[in-house]
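# Coordinate inspection notes
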Amino acid sequence: MDIRLERDGAIATLLLDRPDKRNALTEAMWTAMPSLLDEAAQDDAVRVLIVSGTGGHFASGADITEFEAVYATPERAQSYSRAVAGALDALADFPKPALARIEGACVGAGCGIALACDLRFAADGARFGVTPAKLGLVYTLNDTRRLVEAVGVPAAKDILFSARLLEAAEALSVGLIDRLMAPGDLGRAVADYAALLVSRSGHSAKVAKRMIAMIQNGVTGETEETRALFLDAFSGDDFAEGYRAFLDKRTPDFSKDKT
C-alpha cells in the first residue's frame, strides 16, 4: 500500500510510501487518507501522530501522471478535488497532536499535508513550495488559510504568487516549519518530541487543539462549550492523576487516558 498507518505504542505514523516517485500522491492515496486518520483517532492507545515519507522525501506533490484522467471533465475534476480537500481537512481536524517529519521534497500537495499538521520538523536540505501558479490552478480556501496562519499574509502571497521553492532555512525564517536540524538528527528529534507529548496529558492536548481551532475560526469570547471544556477537566481522570502526582512529588502517568 502506498499509504499506510503504522503503530509503535502510543505513537502512530501515517507513512507515504512511493519512494520511486518521491511520494507523489495518487488519487487512491488521497481517498484512503481519511479512513486511516479516523482509525488512529478512534484508537485510544494512540496519543500522537507523525506524518512522514520514505526514500528521503516527504512528498513531491500530487501525481501529475494522473492529471489527464482526473481533470478530463469538470465533473471528474470536482470529484478529484473533493478527495484531496477531504484528506487535507481530515488531517487538519485530527483531534490529537500531529507532527510532520520532513526531509527532501515538500512541494505542492506535500506542503499542504505538512501545513495540515500541528507542527513541522524538517531536516536541512528539505525544499518547500506551493505551486498551483505553475499550472494555472488555485489553492483551496482552507489550504490558503492554513498557509496564511503559518507564515502571515505577505509571505503567503509571495509563496503563492511566485510558486518558487524555499530552502529549509528560509522556510524556518518565515514560519513554514517550526524546527530545523541536521538530517541525521531529524528522526531522533521527532521521536523525542513525540515521546514528550505522550508523557503529558492527552486530554489537555486534545482540548488545547480544539480551543485553538475555535480561535482560528473566529471565536473571540467564552462560550458555553469553552466553559464546559475548562470546567470538565477538573473532574477528569488526567487531572486526578496529575494532582495526585503533584502531591506525591512524582511524575504523572497519563498512559491510561480515558478521554
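The structure we're discussing is the one just above.
The following paragraphs examine the structure supplied in this document. (Residues numbered from 1 in each chain as written. Predicted model: local features only at pLDDT ≥ 70, side-chain atom pairs only at ≥ 80, totals over all residues. Heavy atoms only, no water.)

So, about the pairing of strand S2 (residues 11-16). Within S2, 6 of the 6 residues are buried, leaving the element largely enclosed by the surrounding structure. Burial along S2 is two-sided: Ile11, Thr13 and Leu15 and Ala12, Leu14 and Leu16, pointing in opposite directions, are all buried. Across 6 bridges, strand S1 (residues 3-8) lies against S2 in antiparallel orientation. Across the sheet, the residue bridging to aspartate 8 is isoleucine 11, located in S2. Between S1 and S2, which pair antiparallel and follow one another directly, the connecting turn spans 2 residues, one of which, glycine 9, has a positive phi of 65°. Where S2 meets strand S3 (residues 48-53), 6 bridges bridge the pair, whose relative direction is parallel. Bridge pairing links alanine 12 to leucine 49 in S3. Once the chain exits S2 it traverses helix H1 (residues 27-42) before rejoining the sheet at S3, and the crossover so formed is right-handed. (Buried < 20%, exposed > 50% of the residue type's maximum accessible area, 1.4 Å probe, protein only. Helix = DSSP H or I, 4+ residues; strand = E, 2+ residues; numbered from the N terminus. Pairing = 2+ DSSP bridges. Right-handed = clockwise from strand over helix to strand, strands pointing away.)

A few words now on the sheet that holds S1. Across the sheet, which stays open at both edges, the 6 strands sit in the order S1-S2-S3-S4-S6-S9 with mixed pairing between neighbours. Of all strands in the sheet, those bounded by a partner on one side alone are S1 and strand S9 (179-181). Taken pair by pair, the neighbouring strands of this sheet meet at an average axis angle of 20°, ignoring direction. In the sheet, S3 pairs with strand S4 (residues 98-102) via 3 bridges, with the strands oriented parallel. The residue of S4 that forms the bridge with leucine 49 is alanine 98. (Axes fitted to C-alpha atoms, helices over the stretch in contact; angles between N-to-C directions.)

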